[in-house]
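Now for the letters of each chain:
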Amino acid sequence: IIIIIGAGGHGLGTAYYLAKNHGTTNIAVLEKGWLGGGNTGRNTTIVRANYERTENELFYEHSLKLWETMSQDLNFNVMFSQRGVINLAHSDAQVDAFQRRGNAMILNGSDAMLLNPAEIKARAPHLDCSADARFPIKGGLLQPRGGTARHDGVAWGYARAADARGVDIIQNCEVTGLDISNGQITGVQTTRGAIKAKKVGIAVAGHTGHLATMAGMRLPIESHVLQAMVSEPVKPCLDTVITSGAVHCYISQSDKGELVIGAGIDEYNSYAQRGSLPVITSQMGALSTLFPIFSRLKMMRNWGGIVDVSPDASPIISKTPIDGLFFNGGWGTGGFKATPGSGYIFAHTIAQNE
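Residues numbered from 1 in each chain as written. Predicted model: local features only at pLDDT ≥ 70, side-chain atom pairs only at ≥ 80, totals over all residues. Heavy atoms only, no water.

Novice: Summarise the sheet that holds strand β2 (residues 27-30); cite the residues concerned and give the values.
Specialist: Here we have six strands laid out as an open sheet, ordered β8-β2-β1-β12-β19-β18, and mixed in their pairing. The open sheet has two free edges, formed respectively by β8 (168-170) and β18 (316-319), since each of these has just one partner strand. With strand direction ignored, the average angle separating the axes of adjacent strands in the sheet is 15°. Running at roughly 175° to β2, helix α1 (residues 9-22) makes contact with β1 (2-5), β2, β8 and β19 (325-329) of the sheet. (Pairing = 2+ DSSP bridges. Helix = DSSP H or I, 4+ residues; strand = E, 2+ residues; numbered from the N terminus. Axes fitted to C-alpha atoms, helices over the stretch in contact; angles between N-to-C directions. Contact = heavy atoms within 4.5 Å.)

What follows is the structure, given as structure tokens:
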């Protein structure tokens, strides 16, 4: 038997690809809460593959191709909308950097377009592109194939497809300990009893360090809160994704009409799934400056997800010194868009033990 700890997108995706690609069906996915109740349901749903470094670009491009066929593959509509993702450049230096990144993306087989301010204004009419804007718009990098997906649909789609292939998904079953003998994993202890297994894969995002401690390991990962919020619903007014790394603001409009707004991570370490006033006020200031018209809207709700951040902000998908124990973590703010690629590769790592 193989145990996957964590029934979010990464854990469920891993179970699905273990069954589909590697013919393994004796799998149990354990979840301490409810299916998709962690970071999978607490993000801003953006999907993109716009990286400069070859390793990152090749991985996220592979993941994006899986996104493009996911609804058909799972026979479940994950509402993947390729509305494009635009990264705003606020200085000439950023324009140069985006040009290099776009060229690197194209060389690695992905898609990229450099936009001038007029082209950005045509795609996002409400964006302040004036000459005296607080954050001047000098240009932007567009990935046309990027977009958004329905986060709950991704979790449910993988869960249904994995279940159809014989995978057991056990909710309200918290792992309280790992059974290790002579350097080999032998099973797990849970709130519903012990389960024996020769392989255990851990995909629990912000709680990765907590599970590592059960194995006597200390991972180079910190947990931070990543906040998001939504406005009251309005008629369609933004049909693309706009991001500004300079002010850590990204925004899209959901199918219900709400503006989905993301921020940067809170600097302090925390396991709290809630927002904080300093980030909210900073975020509202940045958004209102980029899109003055949105300052008239009410914020409906806000929340926080727990992201696990590695020192170089690159994920870890790996075997461990304990035979049969595998970790998938350190995704930081890139976890949701990585979902299918992460599950695909983690399944390979567990199945092939390499």
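Novice: Can you lay out the pattern of salt bridges for me, pointing to particular residues and giving the numbers?
Specialist: Tallying each qualifying case throughout the model produces seven salt bridges. Between D73 and K20 there is a salt bridge; the shortest N-O distance is 3.0 Å. In this pair, D73 sits in helix α2 (residues 54-74) while K20 sits in helix α1, placing the two residues 53 residues apart along the sequence. The class for K20 is partly exposed, based on a relative accessible area of 35%. The closest approach of N and O atoms between E68 and R145, which form a salt bridge, is 2.9 Å. Of this pair, E68 sits in helix α2 while R145 sits in the loop between β6 (139-143) and β7 (147-148), placing them 77 residues apart in sequence. Relative accessible area serves as the criterion here: at 30%, E68 is assigned to the partly exposed category. (Salt bridge = Lys/Arg side-chain N within 4 Å of Asp/Glu carboxyl O. Buried < 20%, exposed > 50% of the residue type's maximum accessible area, 1.4 Å probe, protein only.)

Novice: A description of the packing of α2 against helix α8 (residues 339-352) should follow, citing residues and the corresponding values.
Specialist: Relative orientation of the contacting elements α2 and α8 amounts to 105°, with a least axis distance of 7 Å. Between α2 and α8, the interaxial angle falls into the category roughly perpendicular. Residues F59, H62, S63, L66, W67 and M70 of α2 lie in contact with α8, whose contacting residues are T339, P340, G341, S342, Y344 and I345. Here the residues of the contact of α2 with α8 are counted per class, giving seven nonpolar, five polar and no charged. (Parallel < 35°, antiparallel > 145°, perpendicular 65-115°, else oblique. Nonpolar A, V, L, I, M, F, W, Y, C, P; charged D, E, K, R; others polar.)

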